[in-house]
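Single-letter residue listing:
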Amino acid sequence: MARSDRPLSRKLIRLGFRAMGAARAHRQDIWPGLSIDRDRGLVRWRGSTLLELTTTVAIVPRSLPMIAVVGSGPSLRIQRIEALGDRTAILCNGAASLSDRIRPLAVAVEDERFVFRHQLMLAALDASIPLLLSPAAIRAWAEVDTASLRGRTVALIENLAKPVNASRRSLSEVQTDVASDGSTFLSRDPDAGVVITGTVAFSALQFALAARPGKILLAGIDLSNDAQPRFYETGDSAPSGLSAGLTRILAGFALAYREAQKQGTELTCASPVSALLPLGIPYDDTLTSS
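To keep things clear, this report deals only with the structure shown in the data block. This structure is a prediction, so every number in the text was calculated from the model and none was measured.

### Considerations on a nonpolar patch on the surface
Argument step 1. Taken together, the side chains of Leu 8, Leu 12 and Leu 15 define a hydrophobic patch exposed on the protein surface, amounting to about 340 Å² of accessible area.
Argument step 2. Topologically, Leu 8 is positioned in helix H1 (residues 8–19).

Pasting the structure below:
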């Protein structure tokens, strides 16, 4: 059995906040110890300045020829990640381990469980690599090792439906620029928040779409084999919840594909086993071993 990724204390805190009601339950993401001043871009931990938030465009520049959103699916084991080159990729979760092979645009993490399980991987990242982090990921990192996070370049992955300092709201009511097909939503302004579906790759994709590159390449986003170890796992494999939320996740990627077509951004998928391919997203052999 895989060991728990979330300490017992956090499980109890989550239960306590849920008992307070759905409107404010997400406040557990920053409690205790973390405060985020969105207007000033200031993040404090236990009363001391931890870091200053930066804007999306400072991390993911506009109009690049290509941006790759790289997940941690098993398909990456046999692919040539070096073919992406430097400063093209947003590495999600365990794909951060690839930062010694390609220089990424950013590393993205939104689930505190990944931080608790792989904090050593995150702490080892070159301090100059920008980060896209959720409030929960910032708090978890600060809990475990404040020193390795302090002062890094960070843009916030904020849940559009659950603003860090406000009550939960319906996505149909937000004033931010969003794309929607009526039941599925996507943020066009990630600095104001993103739509969370259950995979950080979809959050990273919203950052990539907002930058309007010529092309977005999705790599390691398999969504079809989550019972298998991720490409960087060799023994104790972390449990995955992708299957349970797959319908919602795929609906988000389908909307993103339509949004990319509207804005003239080519969107392709490098995983030959990805559940994204039946959506019509074309297969791309850029990373195929030769």
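There's plenty left to go through after this.
### As for unusual backbone geometry
Argument step 1. Of note, the bond from Trp 31 into Pro 32 is cis; its omega dihedral lies within 30 degrees of zero at -5°.
Argument step 2. Positive phi, close to 50°, is recorded for Arg 46, a residue that is not glycine.
Argument step 3. Positionally, Arg 46 belongs in the loop between strand S2 (42–45) and strand S3 (48–52).
Argument step 4. Residue class for Arg 46 comes out exposed when judged on its relative accessible area of 62%.
Argument step 5. With a phi angle near 50°, Asn 93 is a residue other than glycine that sits in the positive phi range.
Argument step 6. By the secondary structure assignment, Asn 93 is in the loop between strand S5 (89–92) and strand S6 (106–109).

### Notes on the nonpolar core
Argument step 1. In this structure, Val 69, Leu 132, Leu 205, Leu 218, Phe 253 and Leu 276 are the most contacted members of the largest nonpolar core, which totals 46 residues.
Argument step 2. Considering each element in turn, this core owes the most residues, 8 residues, to helix H5 (residues 200–210).
Argument step 3. With sequence-adjacent residues up to four places away left out, Val 69 is seen in contact with Ile 90, Cys 92, Ala 201, Ala 204, Leu 205, Ala 208, Ile 216, Leu 217, Leu 218, Ala 219 and Ile 221.
Argument step 4. Ranked by size, the runner-up nonpolar core spans 45 residues in total, among them Ile 36, Ala 96, Leu 133 and Ile 138.

### Here we look at the packing of aromatic side chains
Argument step 1. What the rule picks out here adds up to 1 aromatic pair.
Argument step 2. Aromatic pair Phe 202 and Phe 253: ring centres 5.5 Å apart, planes at 65°, arrangement edge-to-face. Within this pair, whereas Phe 202 is found in helix H5, its partner Phe 253 is found in helix H6 (residues 246–263), the two being separated by 51 residues in sequence.
Argument step 3. Phe 202 sits in the buried class, given a relative accessible area of 0%.

### With respect to the pattern of salt bridges
Argument step 1. Under the counting rule described, the total for this entry stands at 11 salt bridges.
Argument step 2. Note that Glu 143 is salt-bridged to Arg 139, the shortest N-O span being 2.7 Å. With Glu 143 and Arg 139 both in helix H4 (residues 135–149) and 4 residues apart, this pair spans about one turn of that helix.
Argument step 3. Here Glu 143 falls in the partly exposed class, since its relative accessible area comes to 29%.
Argument step 4. Between Arg 258 and Asp 181 there is a salt bridge, with the nearest N and O atoms lying 3.2 Å from each other. Pair noted here: Arg 258 is in helix H6 and Asp 181 is in the loop between strand S9 (178–180) and strand S10 (185–187), with a separation of 77 residues, a long-range link.
Argument step 5. Overall, Arg 258 belongs to the partly exposed group, its relative accessible area being 35%.
Argument step 6. It is possible to trace a salt-bridge network through shared partners that takes in Arg 10, Glu 112, Arg 139 and Glu 143.

Cut-offs and rules
Residues numbered from 1 in each chain as written. Predicted model: local features only at pLDDT ≥ 70, side-chain atom pairs only at ≥ 80, totals over all residues. Heavy atoms only, no water. Patch = residues over 30% accessible without salt bridge, like charges linked within 9 Å, V, L, I, M, F, W, Y side chains within 5 Å. Areas by Shrake-Rupley, 256 points an atom, 1.4 Å probe, with all protein chains shown as cover. Salt bridge = Lys/Arg side-chain N within 4 Å of Asp/Glu carboxyl O. Helix = DSSP H or I, 4+ residues; strand = E, 2+ residues; numbered from the N terminus. Buried < 20%, exposed > 50% of the residue type's maximum accessible area, 1.4 Å probe, protein only. Core = buried A, V, L, I, M, F, W, Y, C linked by side-chain atoms within 4.5 Å. Contact = heavy atoms within 4.5 Å. Phe/Tyr/Trp six-rings, centres within 6.5 Å; stacked < 30°, edge-to-face > 60°.

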